[in-house]
Amino acid sequence: MGESAMFWLFRSTAYFVLLCGALVIGSIVWRGAPTVFTTQAPFVNVSFFTEAPESLYVFVYHDNKMELGDRAYRTFLTQHPDATGLKTESYVYSAGGIYPCIVGTVLLVTGSMLIALALGVSAAIYLNEYARDDGFIRFIRLAILNLAGVPSIVFGLFGFGMFVVFFGWNVSLLAGWFTLAFMVLPVVITASEESLKAVPKGFREGSLALGATKWQTIRKNVLPYALPGILTSSILGITRVAGETAPIMFTAAYVVRDKLPWQGLEKWTDFFFQGVMALPYHIYVVSTKIPQNEYTARVQYGTALVFLLIVALIATTSIVLRSRLRSRYKW
């Protein structure tokens, strides 16, 4: 094949992949926007972002079709006793909002990425700066690469057996943090090590020649220049951690939880042992575990759209920070 034919083949492949992604995201935005946004100021469905999930009650009262959430329905019955005997249809998780799910997702992503970055960068520093390139170290690197391909459900079962059962943490934030952190750790270690390798050796040699210790050299002359690449790994980790359902359904997530993690605590350490609701698990529940109808569809696509926006916001923050560090540390 000629040069022109290969060019158009590669170009068409790239555009086809972009088109598939755009169709998926566009479908979610098109179907979820009516749930998330409104046509009146402030143009955002505030209750969807600030309330907990509720059951939806649909009934006809005085020839008017009523759609009320659980709390509003109870209030309505109190104010209108004649509506008690009306035929009412109920749909679970089809009213209210997803505020507890948003809080749980942000907490899970933030905590797991902090643990993954702390452990992953430390391991990468050891492998690249201190360890000798012998057979044992090559075996460790091979094991890390193999762990990157392990299905998330396996990490979920591991987290359940290790953190929930053996350590006795039960279904909690702490168990979810460590499970998700271990799942994304291979990606963080590999990307961080490659970032450290990209820093020129002259930076190390010059620092050591001036009398700096090994750790001072790494901390002052190597790690700052590797941070942009390390933040790239954090972006990849965020997108994977935020979207995983299997690990958190075993270790951290509840189908319904009325209280937020910081509510009703006897002591502050109890915060880490609270289970949470999470957006991916909520999407899974409303999409597969309850009867499907027009009301649940609104929640499904609205939740998916909010989920995409949150992941995009967190990833954008990492990208902006990476760009600033890259412009600051150049060689």
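A brief structural summary. If you're wondering where the values come from, they're calculated on a predicted model, not measured in any experiment.

1. Observations regarding the pattern of salt bridges
Point 1. Using the criterion set out here, one finds nine salt bridges in the structure.
Point 2. Its salt-bridge partner being D70, residue R74 comes within 3.1 Å of it at the nearest N-O pair. On the criterion of helical spacing, the pair formed by R74 and D70 is a turn pair, its members being four residues apart in helix 3 (residues 70-79).
Point 3. Relative accessible area serves as the criterion here: at 55%, R74 is assigned to the exposed category.

2. A closer look at the nonpolar core
Point 1. Judged by nonpolar contacts, the single largest core of 56 residues is most densely connected at L108 and I248.
Point 2. Of all hydrophobic cores here, the second largest spans 10 residues; its members include V121, V199, V222 and I230.

3. Examining the packing of aromatic side chains
Point 1. Using the criterion set out here, one finds 23 aromatic pairs in the structure.
Point 2. Ring centres 5.5 Å apart and planes at 80° place the aromatic pair F7 and W8 in the edge-to-face group.
Point 3. Their ring planes at 15° and their centres at 6.0 Å tell us that Y281 and Y284 sit as a pair that is stacked. With Y281 and Y284 both in helix 11 (residues 279-288) and three residues apart, this pair spans about one turn of that helix.
Point 4. For Y281, a relative accessible area of 11% corresponds to the buried category.
Point 5. Every member of this aromatic cluster is reached through a ring pair, and the members are F158, F163, F166, F167, W169, F178 and F182.

4. Let's talk about the packing of helix 4 (residues 99-130) against helix 7 (residues 173-198)
Point 1. In contact at an axis separation of 6 Å, helix 4 and helix 7 are set at 40° when each is read in the N-to-C sense. What the angle tells us is that helix 4 and helix 7 run oblique. Handedness of the crossing formed by helix 4 with helix 7: right-handed.
Point 2. In the contact of helix 4 with helix 7, the residues fall into 23 nonpolar, six polar and three charged.

5. A look at the side chain of S192
Point 1. Looking at where S192 falls in the secondary structure, it is placed in helix 7.
Point 2. Setting aside chain neighbours within four positions, we find S192 in contact with V121, A124, I230 and S233.

6. Examining helix 1 (residues 3-36)
Helical periodicity: at 3.6 residues per turn, an α-helix aligns residues three or four positions apart in one direction.
Point 1. If you check helix 1, its first and last C-alpha atoms are 48 Å apart, about what 34 residues at 1.5 Å a residue would give, namely 50 Å.
Point 2. By the largest-angle criterion, W30 marks the main kink of helix 1, which is about 30°, and a proline, P34, follows within four residues.

7. Digging into unusual backbone geometry
Negative phi values dominate among residues other than glycine, just as trans dominates among peptide bonds.
Point 1. A positive phi angle, near 60°, is found at Y93, a position not held by glycine.
Point 2. Among the structural elements, Y93 can be located in strand 3 (residues 88-96).
Point 3. Overall, Y93 belongs to the buried group, its relative accessible area being 15%.

Cut-offs and rules
- Residues numbered from 1 in each chain as written.
- Predicted model: local features only at pLDDT ≥ 70, side-chain atom pairs only at ≥ 80, totals over all residues.
- Heavy atoms only, no water.
- Salt bridge = Lys/Arg side-chain N within 4 Å of Asp/Glu carboxyl O.
- Helix = DSSP H or I, 4+ residues; strand = E, 2+ residues; numbered from the N terminus.
- Buried < 20%, exposed > 50% of the residue type's maximum accessible area, 1.4 Å probe, protein only.
- Core = buried A, V, L, I, M, F, W, Y, C linked by side-chain atoms within 4.5 Å.
- Phe/Tyr/Trp six-rings, centres within 6.5 Å; stacked < 30°, edge-to-face > 60°.
- Axes fitted to C-alpha atoms, helices over the stretch in contact; angles between N-to-C directions.
- Parallel < 35°, antiparallel > 145°, perpendicular 65-115°, else oblique.
- Left-handed = near helix turned anticlockwise from the far one by under 90°.
- Nonpolar A, V, L, I, M, F, W, Y, C, P; charged D, E, K, R; others polar.
- Contact = heavy atoms within 4.5 Å.
- Expected span 1.5 Å × (residues − 1).
- Bend = angle between axes of the 7 residues up to and from the residue.

None of this, on its own, says anything about what the molecule does.
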